[in-house]
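Below, each chain spelled out in residue letters.
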Amino acid sequence: MEVKPFKKLKLYGFNNLTKTLSFNMYDICYAKTPEHRDAYIKYIDEEYNAERLTNILTEVARIIGANILNIAKQDYDPQGASVTMLIAEEECQPGKPPDKDPFDPMLAKNGKPLPEAVVAHLDKSHITVHTYPESHPHGGISTFRADIDVSTCGQISPLKALNYLMSSFCSDIVTVDYRVRGFTRDVNGRKYFIDHKINSIQNYINRKTRDLYQMIDVNVYQEKIFHTKMLLKDFDLDNYLFGTAKKELSFSEKRKIKQRLKKEMAEIFYGQNIAKI
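Residues numbered from 1 in each chain as written. Predicted model: local features only at pLDDT ≥ 70, side-chain atom pairs only at ≥ 80, totals over all residues. Heavy atoms only, no water.

1. Quick word on the pairing of strand 3 (residues 81-88)
(1) Moving on: Taking burial as the measure, the eight residues of strand 3 include seven buried ones, the bulk of the element.
(2) Moving on: Sheet topology note: the strand 2 (residues 67-75)/strand 3 ladder contains eight bridges and is antiparallel. Across the sheet, residue I71 finds its bridge partner in strand 3, namely M85.
(3) Moving on: Linkage of strand 2 to strand 3, two consecutive antiparallel strands, is achieved through a turn of five residues, within which G80 is found at a positive phi near 100 degrees.
(4) Moving on: Across five bridges, the pairing between strand 3 and strand 6 (residues 126-135) is antiparallel. Along strand 6, the bridge assignment pairs S82 with H130. (Buried < 20%, exposed > 50% of the residue type's maximum accessible area, 1.4 Å probe, protein only. Helix = DSSP H or I, 4+ residues; strand = E, 2+ residues; numbered from the N terminus. Pairing = 2+ DSSP bridges.)

2. Here's the deal with the confidence of the model for the protein
(1) Moving on: This prediction gives the protein a mean pLDDT of 81; 81% of its residues lie at or above 70.
(2) Moving on: Across residues 92-123 the pLDDT falls below 50, and counting only partners more than four positions away or on other chains, this stretch makes 40 contacts in the model. (pLDDT = per-residue confidence, 0-100. Contact = heavy atoms within 4.5 Å.)

3. Section: the pattern of salt bridges
(1) Moving on: Inspection of every chain in the model, using the stated rule, returns nine salt bridges.
(2) Moving on: Across the pair E59 and R62 runs a salt bridge whose closest N-O atoms are separated by 2.6 Å. One end of the pair is E59 and the other is R62, both in helix 2 (residues 50-64) and three residues apart, which spans about a single turn.
(3) Moving on: By relative accessible area, which is 25% here, E59 ends up partly exposed.
(4) Moving on: Residue classification places R62 among the exposed residues on the basis of a relative accessible area of 56%.
(5) Moving on: Through salt bridges that share partners, D236, D238 and K246 make up one connected network. (Salt bridge = Lys/Arg side-chain N within 4 Å of Asp/Glu carboxyl O.)

4. Comments concerning a positive patch on the surface
(1) Moving on: Where like charges cluster on the molecular surface, the positive patch consists of R255, K256, R260 and K276.
(2) Moving on: Residue placement: R260 occurs in helix 6 (residues 251-270).
(3) Moving on: Judged by relative accessible area, which is 38%, R260 ranks as partly exposed. (Patch = residues over 30% accessible without salt bridge, like charges linked within 9 Å, V, L, I, M, F, W, Y side chains within 5 Å. Areas by Shrake-Rupley, 256 points an atom, 1.4 Å probe, with all protein chains shown as cover. Lys, Arg positive; Asp, Glu negative; His and termini not counted. Charge placed at Lys NZ, Arg CZ, Asp CG, Glu CD.)

5. Regarding the nonpolar core
Here is a general trend for soluble globular proteins: nonpolar side chains tend to be buried in one another's company.
(1) Moving on: In this structure, F23, L162, M166, F169 and V176 are the most contacted members of the largest nonpolar core, which totals 47 residues.
(2) Moving on: Ranked by the residues each element gives to this core, the list is headed by helix 2, at seven residues.
(3) Moving on: When sequence neighbours within four positions are dropped, the list of residues in contact with L162 reads L21, F23, V176, I201, Y204 and I205. (Core = buried A, V, L, I, M, F, W, Y, C linked by side-chain atoms within 4.5 Å.)

6. Remarks on the environment of L231
(1) Moving on: Position of L231 relative to the elements: it lies in strand 12 (residues 225-232).
(2) Moving on: Linking L231 and D172, residues 59 residues apart in sequence, is a C-alpha distance of 6.1 Å.
(3) Moving on: Ignoring anything within four residues of it in the chain, the contact list for L231 reads D172, I173, L212, Y213, Q214, M265 and F269.

Structure follows, in structure tokens:
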């Protein structure tokens, strides 16, 4: 989806605006026995291991037009994974001396950016993902959460990778935050606190995805803060059972499981515990 910039905005120096896109994506399931819950956690850990997450983030960097400076990845015991990727708008060319900036990422030794180059870009441009597989014996509900942050500085925009990220995870619930921080100046010294048009994150989500979800916006336009919550509309119990077939359950069991799953999803969507009626 195209990110429309302001027309003919000629800047003085570097674009200092920081644009951050943050996701929480949730997958919910019902795992009846301890063995089923352990199997679900193992499945999620294998499905979204550090190697696959790295491949996803590498594609994100390609989509938004960023160049990767450094990758740190880790699988955790007993479960979960993290990947942190430092990126820059400029092309990284090892061995080339800096033209202007003494912390230019192109200044490198043995084909790798120097430590100070990495530090200089740590809070300017980065992509991170952390996963949190989780289960609890009460009620048989298991969840998987992936937290993703894409933060860029300059003209590149994380909004371009929005649809790719959503398609990379099978999510029942998604919360998306987008914020633009700082300011940049044009050649006449006028400050710009945003350099593109936006009134909702939904504008950058394709129609096919929007049709699948119930969506709510909470935006603070004056502060350049945009927040969208998404809850999957259709509910098919078969899609939420792990280790148990629907035909193995009685009508009463299916009804109770469905109630538990929908309550769990509603609590995550609205961010609060819901009392029993």
